[in-house]
Amino acid sequence: MEELAVEVCGQNGAFYTAYVRDIHDEEVTVAFENDWQPERKVPFQDVRLPPTPIDDYEPQEGDEVEALAETNDEPCGWWPCRVKRCKGAFCVVEYLDLEATFKDIIDTGKIRPANKNPPLTKNSFHKCTIDVPEDLRECCRVESNHSEFKRALKLKAASVVYSPELKAIVVISNDEAAVKRAQILSDMHFRSLRTKLMLEARKKEAQHQLETTKAMQRQCLEEFSVREDLMGLAIGSHGANIMQARRIEGVTAIELEEQTCTFKIYGETKEAVQQARSMLEYKQDVVQVPRNLIGRVIGKNGRVIQEMVDKSGVVRVKIEGDNEKEHTVQREEEHVPMIFIGTIEQISNARMLLDYHLAHLKEVEQLRIENLQIAEELRSAGGSGSTYFPPPRERRYSTDYSTDNTESTTRGRGQVYGRGRGRGGSRGRGQGR
């Protein structure tokens, strides 16, 4: 649908195309074609409607016509003139209402009959204002959002614009029935705009998610799962571990699928996502400790095993006794399971400490057996068979591995050693039931 076009008379006598924006008591607000002048109010006597177009118009000598021409400082306007002579596709015209006689050669395609329409009056158009709800005012500023509304009015020409001052849609037409139809249609138009805004917001969100997904696919990805009973440790109190991992430089996003206990870590570099994974991936690892060494692994009052917990950083260490109601891990003959819970790095450090300590205990045990064999050979050879007593310093170290009651440790209900507060674990340091 066309806008409500009019022609405004300039100070030079030419008429310029403009579009009606509002109607007042004695003036009309217009916006000029191509915005060559700012929107302004013009008296009714300086405004008229455009003429009805005439196809294949052929000007004749002596006709009073209007020619479309431009000056150096203004755009094209319709100038009153009289045809002096015609030849082929051009006419010689003489401009009227000028102080001096002035002639020009004009293409016949830029000549039309003189516009005989009278100046506008207040009653030339009908107008209504439709108040716009607050949530739609920004949307109504976009003129294209009213295109369907205009089309539904079934007009050849009308003005439908939003007025920020009135906070309303202003409808102007020379058809009174059309203005009434606009009021009837307004509520439906507003519902349509709300639906459009909602769909556009969803589209924008979906596009953002798509762009984010594509960006993530181009980045490094680490995906891993954590046992359900260890998810509390992985997430941390109020999500502290996840927030800390997100702060790692190079990590762009961390997603958690709670139903499958799966983490997805996206980052700009492989090192960044691996570092974040090392903070969130909690596991359980089992080491089978020979039964005859378990007491020495624990140490007096749990001293040795607590040292392993503190230095490795594991959350918990559990020794599963024979009298446990349910065995959670497989057991090897003449061995006692030692269960570590923590991150991969923490478990690796704990295993390193345990392996080293077990190797030390086995070496000490081997030396003890060899000493006994040598003492037995000395007695058989008639030697004194005196027993070697280590100096106090050596005895002090040896008590870590020899004073514990092995039977009470392996035959009982089991023991738990840990640090901090974890899900299902002990609180604080030390051992508990």
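Summary of the structure given here. Bear in mind that the values here come from a model prediction, so they are computed numbers and not experimental data.

## Regarding the pairing of strand 8 (residues 90-95)
Where strand 7 (residues 77-87) lies against strand 8, six bridges are found, and the strand directions are antiparallel. Its bridge partner lying in strand 8, Arg82 is registered against Glu94. The antiparallel hairpin formed by strand 7 and strand 8 contains two residues in its connecting segment, where Gly88 sits at a positive phi of about 65 degrees. Pairing geometry for strand 8 and strand 9 (residues 103-107), over five bridges, is antiparallel. Among the inter-strand pairings, Val92 is bridged to a residue of strand 9, identified as Ile105.

## Quick word on the nonpolar core
Core analysis: the largest hydrophobic core is formed by 23 residues, its most contacted members being Val226, Val251, Ile254, Phe263, Ile265 and Leu280. Every element with two or more residues in this core is listed here: helix 4 (231-235), helix 5 (240-246), strand 15 (251-257), strand 16 (262-267), helix 6 (270-280) and strand 19 (335-343). When residues of this core are assigned to their parent elements, the largest contribution, four residues, is made by helix 6. Residues within four places of Phe263 in sequence aside, it is in contact with Glu222, Glu223, Phe224, Val226, Met231, Ala234, Ile235, Ile242, Ile254, Glu255, Leu256 and Leu280. Grouped together as the second largest cluster of nonpolar side chains are 22 residues, Val304, Met308, Ile347 and Ala350 included.

## A short note on the packing of aromatic side chains
Scanning all chains against the criterion turns up five aromatic pairs. Here Trp79 and Tyr95 contribute two aromatic rings whose centre-to-centre distance is 6.0 Å and whose plane-to-plane angle is 75 degrees, an arrangement assigned as edge-to-face. On the criterion of sequence distance, the pair formed by Trp79 in strand 7 and Tyr95 in strand 8 is long-range, its members being 16 residues apart. Residues Trp79 and Tyr95 agree in their burial class; the two are buried. Each ring, one from Tyr95 and one from Phe102, has its centre 5.6 Å from the other, and the planes form 25 degrees; the classification is stacked. Within the aromatic cluster, the residues linked to one another by ring pairs are Tyr16, Phe32 and Trp36. Of note, Arg48 hangs over the ring of Phe15, and the distance from its end group to the ring centre comes to 3.5 Å. The ring centre of Trp78 lies 4.0 Å from the NZ or CZ of Arg112, which sits over that ring.

## Overview of the pairing of strand 18 (residues 316-319)
Here strand 18 pairs with strand 19 via four bridges, running antiparallel. Paired with Ile319 across the bridge in strand 19 is Met338.

## Here's the deal with a positive patch on the surface
A surface patch of positive charge is lined by Lys84, Arg85, Lys87 and Lys103. Checked against the element boundaries, Arg85 lands in strand 7. Judged by its relative accessible area of 54%, Arg85 falls in the exposed class.

## Some points on the sheet that holds strand 11 (residues 126-131)
In spatial order, the strands read 11-13-12; together these three strands make up an open sheet with antiparallel pairing. At either margin of the open sheet sits one strand with a lone partner, and together these are strand 11 and strand 12 (159-163). Put simply, the sheet's adjacent strands are angled 20 degrees from each other on average, direction ignored. The pairing of strand 11 with strand 13 (residues 168-173) spans six bridges and is classified as antiparallel. Among the inter-strand pairings, Asp131 is bridged to a residue of strand 13, identified as Ala168.

## Side note on unusual backbone geometry
With phi around 55 degrees, His238 is a residue other than glycine that occupies positive phi space. Secondary-structure assignment places His238 in the loop between helix 4 and helix 5. With a relative accessible area of 78%, His238 lands in the exposed category. One non-glycine residue, Asn301, lies in positive phi territory at about 55 degrees. Topologically, Asn301 is positioned in the loop between helix 7 (294-298) and helix 8 (303-312). On the basis of relative accessible area, Asn301 is assigned to the exposed category, the value being 73%.

## A look at the pattern of salt bridges
Overall, the coordinates contain 21 salt bridges when judged by the stated rule. Residue Arg296 pairs with Glu365 through a salt bridge whose shortest N-O separation is 3.3 Å. Here Glu365 lies in helix 9 (residues 344-380) and Arg296 lies in helix 7, a separation of 69 residues in the sequence. There is no split in this pair, since Arg296 and Glu365 are both buried. Residues participating in the shared-partner salt-bridge network are Glu7, Arg48, Glu66 and Arg112.

Rules of the game
- Residues numbered from 1 in each chain as written.
- Predicted model: local features only at pLDDT ≥ 70, side-chain atom pairs only at ≥ 80, totals over all residues.
- Heavy atoms only, no water.
- Pairing = 2+ DSSP bridges.
- Helix = DSSP H or I, 4+ residues; strand = E, 2+ residues; numbered from the N terminus.
- Core = buried A, V, L, I, M, F, W, Y, C linked by side-chain atoms within 4.5 Å.
- Buried < 20%, exposed > 50% of the residue type's maximum accessible area, 1.4 Å probe, protein only.
- Contact = heavy atoms within 4.5 Å.
- Phe/Tyr/Trp six-rings, centres within 6.5 Å; stacked < 30°, edge-to-face > 60°.
- Lys NZ or Arg CZ within 6 Å of the ring centre and 35° of its normal.
- Patch = residues over 30% accessible without salt bridge, like charges linked within 9 Å, V, L, I, M, F, W, Y side chains within 5 Å.
- Areas by Shrake-Rupley, 256 points an atom, 1.4 Å probe, with all protein chains shown as cover.
- Salt bridge = Lys/Arg side-chain N within 4 Å of Asp/Glu carboxyl O.
- Lys, Arg positive; Asp, Glu negative; His and termini not counted.
- Charge placed at Lys NZ, Arg CZ, Asp CG, Glu CD.
- Axes fitted to C-alpha atoms, helices over the stretch in contact; angles between N-to-C directions.

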